[in-house]
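Fold and geometry: a report
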Amino acid sequence: MHKRDFLRTTSAIAGGTLLSRYAKADSPEPAPHDTNWAGNLRYHADRVFAPHSVEEVQEIVKQSASLRALGSRHSFNTIADSTASQISLVHLDSIELDEKAHTVTVGAGVRYGTLAPVIDAKGYAVHNLASLPHITVAGAIATATHGSGVHNGNLATAVRGLEIVTANGEILHLAPDQEQFHGAVVGLGSVGIGTKVTLAVQPRFDMTQVVYRNLSMDQLEHNLEAIMASGYSVSFFTNWQNNNINQVWIKSRVANEEKSAIAPDFYGAKPATRNMHPIEANSAENCTEQMGVAGPWYERMPHFKMNFTPSNGAELQTEYFVPRNRGYEAIRAVETLKDKITPHLFITELRTIAADDLWMSMAYKRDSLAIHFTWKPETPAVMALLPLIEEKLAPFDARPHWAKLFTVPTATLKARYPKHDDFVALLKKYDPKGKFHNEFVNHNLLGA
């Protein structure tokens, strides 16, 4: 049998027993839920609870001494790990649209790829999506996951309400008019177990996607902002060689499913003549439609289709956020390491994120350029490279993505988040005994 086969009782919580759980058993091979999505991390929890209701979540929290929430497992570090118990909210899959309030409230197990077609059919959309739709709403907002666009905040900026089960098993509701809301949204799984999220919605829209190839990095010195503002959402892809941005993906809002006119020249770059994958050697079969063909917002904003393996599969990821007004300098700083980086790299993506007021967001109070590395699954080599990249980005006070690989020291992280101490105080208020802490939290936030 697998190490943690799925066992579920047929009765509700009674007499202190739990409705559903994964139980540990002997096996030389990990079950699918033993590892994160990319397979670079094996979780250490003895049990993974899988409740079917908020009431069951409350009981699990009350009975657990140590607990971490587990989402779609798309984190590349130990942020969701536990040496005791994890809780999967996969069965909390409700979707409730409030057309009068222009909001949608989703259970913590709902993924964006499930949510999007439901609200689109009712005439609504969310403001942005990440590069892949497979991630859960609750997990994405807890780590400030993002898409791109000079005017688009990360996915957590759409939150208009939270339902959280705190360490004592009580339900906490938070709204934007409460100061602690701004600390709890990007809660890093440490304020409590999120059970519902309310998001702002807007009227649905169509989009097109056009890809240009081979943009000289020289163009970024004076035109970075203009190029990044050339669409609703814009991404660059580079392998850092030859002073070149390999691909520019421009996603634009359009009316009436019109096809975008494709200019023959874009700052010296030329339009692709076929659908592209960010890693040019890969088939574009799993990528969303390009070539200026219009389609629903949720089939253009992500780079990858819901029914296909996102990105490259077996990989590692790292990402750093720098002030956008110093983006060109930061790009050139990283480029000096190109011959060390490229042998271990699948591709780098550059995106923009608008500033927000969420305490632990990487874009807190500053418009940002995100420099993202999709690495080959070569952990020792990658981990040896990260301090070199972080040193190059230190003058820009780079903030690493909370759910990806980094080696930035705890004291440095603290200095780069003005509300760090307020966030730690929030954790102590709702979780005074550290029930939701783990090694990642203790090391990176608390310095323990």
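In the block above lies the structure referred to throughout.
Residues numbered from 1 in each chain as written. Predicted model: local features only at pLDDT ≥ 70, side-chain atom pairs only at ≥ 80, totals over all residues. Heavy atoms only, no water.

Oppositely charged side chains may form a pair once their charged atoms are brought near each other. The full count for this structure, using the stated rule, is 18 salt bridges. Close ionic contact of Glu319 with Lys404 constitutes a salt bridge, the shortest N to O distance being 3.3 Å. In this pair, Glu319 sits in strand S18 (residues 316-323) while Lys404 sits in the loop between strand S21 (399-400) and helix H9 (410-416), placing the two residues 85 residues apart along the sequence. With respect to burial, Glu319 and Lys404 carry one shared label: buried. A salt bridge links Glu335 to Arg332, with the nearest nitrogen and oxygen atoms 2.8 Å apart. One end of the pair is Glu335 and the other is Arg332, both in helix H6 (residues 327-335) and three residues apart, which spans about a single turn. On the accessibility criterion, Glu335 (13% relative accessible area) is buried. Its relative accessible area of 19% is what places Arg332 among the buried residues. (Salt bridge = Lys/Arg side-chain N within 4 Å of Asp/Glu carboxyl O. Helix = DSSP H or I, 4+ residues; strand = E, 2+ residues; numbered from the N terminus. Buried < 20%, exposed > 50% of the residue type's maximum accessible area, 1.4 Å probe, protein only.)

Looking now at the environment of Arg416. In this fold, Arg416 is placed in helix H9. Arg416 sits 309 residues away from Gly107 along the chain, and the two C-alpha atoms are 32 Å apart. Residues in contact with Arg416, not counting those within four places in the same chain, are Ala394, Asp397, Ala398, Arg399 and Val408. (Contact = heavy atoms within 4.5 Å.)

Here the focus is the side chain of Asp356. Within the secondary structure, Asp356 is located in the loop between strand S19 (345-353) and strand S20 (368-375). Buried and unpaired, Asp356 has Arg399 as its nearest opposite-charge partner, separated by 7.1 Å. In terms of polar contacts, Asp356 uses its side chain to reach the side chain of Ser361, at 2.7 Å. With residues up to four places along the chain from it excluded, the contact list for Asp356 reads Asn154, Thr157, Ser361, Ala363, Tyr364 and Lys365. (Lys, Arg positive; Asp, Glu negative; His and termini not counted. Polar contact = N/O pair within 3.5 Å; in protein donor to acceptor, adjacent residues only side chain to side chain.)

On to the layout of surface pockets. Think of a ball as big as a water molecule: rolled over the atoms, this probe shows where empty space is left. By volume, the second largest pocket is sized at about 240 Å³. Lining the second largest pocket are 18 residues, with Asn77, Thr78, Leu405, Phe406 and Phe440 positioned closest to its centre. Only helix H8 (379-393) and helix H11 (439-444) provide two or more residues apiece to the lining of the second largest pocket. Looking at the lining of the second largest pocket, the element that brings in the most residues is H11, giving four residues. Residue composition of the lining of the second largest pocket, grouped by class: nine nonpolar, seven polar and two charged. (1 Å grid on protein atoms, 1.4 Å probe; cavity = no way out; pocket = protein on both sides within 12 Å on 5 of 7 lines; lining within 4 Å. Points joined across faces, edges and corners; volume = space filled by probe spheres on them. Nonpolar A, V, L, I, M, F, W, Y, C, P; charged D, E, K, R; others polar.)

Treat this as a map of the structure, not an account of what it does.
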